[in-house]
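Each chain, letter by letter, is given below.
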Amino acid sequence: MGRRRSLDDILQSEYVSIGELARITDSRYSTLKYYTEANLITFEQQDENLTRRYPREASVQRIETIKRLKKSGMSISEISDWIINNEKR
């Protein structure tokens, strides 16, 4: 297992791991994995064996949006539709 990066290093990075993303958004790893599988947050992966890299700023903004919409009572399906409709604008 690799060395854990400091919070300052994470917050200055362009890309973060899912574990780091969970840490900076105060989200559960399993929740972010679910969002990834539901195509609510995107990642880059150069090779099948390499770690998924999440663009930090865009992912944090997306997670904040998802949390806000969930708090308003929307389901994941409704959130997905909302994101698709609002990305077209």
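Residues numbered from 1 in each chain as written. Predicted model: local features only at pLDDT ≥ 70, side-chain atom pairs only at ≥ 80, totals over all residues. Heavy atoms only, no water.

1. Quick look at helix α2 (residues 18–25)
Formally: Relative accessibility under 20% of the residue-type maximum defines a buried residue, over 50% an exposed one, and the middle range a partly exposed one, all with a 1.4 Å probe and only protein chains included. Numbering of helices and strands runs from the N terminus; a helix is a DSSP stretch of H or I covering at least four residues, while a strand is a stretch of E covering at least two. In this description, contact between two residues means that some pair of their heavy atoms is separated by no more than 4.5 Å.
Those residues of α2 that sit buried are I18, E20, L21, A22 and T25. Those residues of α2 that are buried are in contact with α1 (7–12), β1 (15–16), α3 (29–37), β2 (54–55) and α4 (56–71). One or two positions beyond α2, positive phi appears at D26, with a value near 55°.

2. A short note on unusual backbone geometry
Excluding glycine, residues mostly have negative phi values, and the peptide bonds linking residues are mostly trans. A positive phi angle, close to 55°, is found at D26, a residue other than glycine. Along the chain, the position of D26 falls in the loop between α2 and α3. A positive phi angle, near 60°, is found at N39, a position not held by glycine. Of note, N39 is situated in the loop between α3 and β2.

3. Here we look at the environment of M74
Of note, M74 is situated in the loop between α4 and α5 (76–87). Every residue in contact with M74, bar those within four places of it in the chain, is listed here: L69, I79 and W82.

4. Focus: the pattern of salt bridges
Filter applied, for reference: Take a side-chain nitrogen of Lys or Arg and a carboxyl oxygen of Asp or Glu: if they are within 4 Å of each other, that pair is a salt bridge.
Tallying each qualifying case throughout the model produces 4 salt bridges. Measuring nitrogen to oxygen at the nearest pair gives 3.7 Å for the salt bridge that ties R56 to E57. According to the relative accessible area criterion, E57 is exposed, its value standing at 52%.

5. Some words on the packing of α2 against α4
We count it as follows: For helices, the axis comes from a line fit to the C-alpha atoms of the stretch in contact; other axes are also lines fit to C-alpha atoms, and the angle between any two N-to-C directions lies between 0 and 180 degrees. Here roughly perpendicular refers to angles of 65 to 115 degrees, roughly parallel to angles under 35, roughly antiparallel to angles over 145, and oblique to all remaining angles. Less than a right angle of anticlockwise turn of the near helix away from the far helix marks a crossing as left-handed, whereas a clockwise turn marks it as right-handed.
At their nearest, the axes of α2 and α4 sit 11 Å apart, and the two run at 55° to each other. It follows from the interaxial angle that α2 and α4 lie oblique. Relative to α4, the crossing made by α2 is right-handed. Contacts from L21, I24 and T25 of α2 reach α4 at R56, S59, V60, I63 and K67.

6. Focus: the packing of aromatic side chains
Here is the rule we go by: Any two rings among Phe, Tyr and Trp, with Trp reduced to its six-membered ring, count as a pair given centres within 6.5 Å; such a pair is stacked if its planes are under 30 degrees apart, edge-to-face if over 60, and tilted if neither.
With the rule as written, the count across this model stands at 2 aromatic pairs. Taken together, a centroid distance of 6.4 Å and an interplanar angle of 55° make the contact between Y34 and Y35 tilted. Take Y34: its relative accessible area is 45%, and that puts it in the partly exposed class. When the centroid spacing of 5.9 Å and the interplanar angle of 55° are considered together, the rings of F43 and Y54 count as tilted. Here F43, found in the loop between α3 and β2, pairs with Y54, found in strand β2; they are 11 residues apart in sequence, far enough to count as distant.

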